[in-house]
Amino acid sequence: MKFQLDATSGGARATTLKMAHGEVQTPVFMPVGTQATVKALDFNDMLSLGAQIILGNTYHLYLRPGSKTVKKLGGLHGFSKFPNNFLTDSGGFQAFSLSDNSKPDENGIMFTSHIDGSKHYFTPQSVLDTQYELNSDIMMILDDFLVSLLLQLL
């Protein structure tokens, strides 16, 4: 990835990120494609809207269809057919939003799946491994919610 500063105004800045699947000019609207697609829109719709990047949700993709399935289909790009960039999060927000289904400890977070009740333990390493299987362009390994929860335990 290459980072280019394009302009500044006070504390604001405009940049261009050059990544494997195209450029992203910031500030940017990043639609949320929880499971690698934006609800009710396909990759052609996203391209016609000018989407440069989509946010995919690691927790939800891990559970369904599964990161190993996504990997077999060519990562997020092959799975969704969206040729531009993907950013994936760490699942930290789900630790907060699904707090009734999660239990953090000093090493990670145990999730009870909202789909079938199965148990899944997320650690920094397992989140990284999942995101490598998803093959996203930008990986948030420990976003703020996850870090905050883990720090509360110490």
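To keep things clear, this report deals only with the structure shown in the data block. The shown structure was predicted, so the numbers you read here are calculated from the model rather than taken from an experiment.

1. Some remarks on the pattern of salt bridges
Alright, step 1. Tallied over the entire structure, the rule returns two salt bridges.
Alright, step 2. With a closest N to O distance of 4.0 Å, glutamate 23 and lysine 18 form a salt bridge.
Alright, step 3. Using a relative accessible area of 43% as the deciding quantity, one classes glutamate 23 as partly exposed.

2. Here's the deal with the packing of aromatic side chains
Alright, step 1. Counted according to the given criterion, the structure contains five aromatic pairs.
Alright, step 2. Between the aromatic rings of tyrosine 59 and phenylalanine 111, the centroid separation amounts to 4.8 Å while the plane-to-plane angle is 50°, which identifies the pairing as tilted. Placement of tyrosine 59 in helix H2 (residues 58-63) and of phenylalanine 111 in strand E7 (residues 109-112) is noted, with a sequence separation of 52 residues between them.
Alright, step 3. Of the residues examined, tyrosine 59 reaches a relative accessible area of 1% and is grouped as buried.

3. A few points about the environment of histidine 77
Alright, step 1. Positionally, histidine 77 belongs in helix H4 (residues 75-80).
Alright, step 2. Along the sequence, histidine 77 and leucine 134 sit 57 residues apart, while their C-alpha atoms lie 8.8 Å from each other.
Alright, step 3. Setting aside anything within four residues of it in sequence, one finds histidine 77 in contact with His21, Phe82, Pro83, Asn84, Asn85, Phe86, Asn135 and Asp137.
Alright, step 4. Within the structure, the side chain of histidine 77 is placed 3.3 Å from the side chain of histidine 21, a separation counted as a polar contact.

4. As for the sheet that holds strand E8 (residues 119-122)
Across a sheet, paired strands are connected by hydrogen bonds in the backbone, their directions being either parallel or antiparallel.
Alright, step 1. Spatial ordering of the open sheet is given by E6-E7-E8, a layout of three strands whose pairing is antiparallel. Whereas interior strands pair on both sides, the edge strands pair on one side only; in this sheet they are strand E6 (102-104) and E8. Shown here is a sheet whose adjacent strand axes are inclined to one another by a mean of 15°, direction ignored.

Reading guide: rules and limits
Residues numbered from 1 in each chain as written. Predicted model: local features only at pLDDT ≥ 70, side-chain atom pairs only at ≥ 80, totals over all residues. Heavy atoms only, no water. Salt bridge = Lys/Arg side-chain N within 4 Å of Asp/Glu carboxyl O. Buried < 20%, exposed > 50% of the residue type's maximum accessible area, 1.4 Å probe, protein only. Phe/Tyr/Trp six-rings, centres within 6.5 Å; stacked < 30°, edge-to-face > 60°. Helix = DSSP H or I, 4+ residues; strand = E, 2+ residues; numbered from the N terminus. Contact = heavy atoms within 4.5 Å. Polar contact = N/O pair within 3.5 Å; in protein donor to acceptor, adjacent residues only side chain to side chain. Pairing = 2+ DSSP bridges. Axes fitted to C-alpha atoms, helices over the stretch in contact; angles between N-to-C directions.

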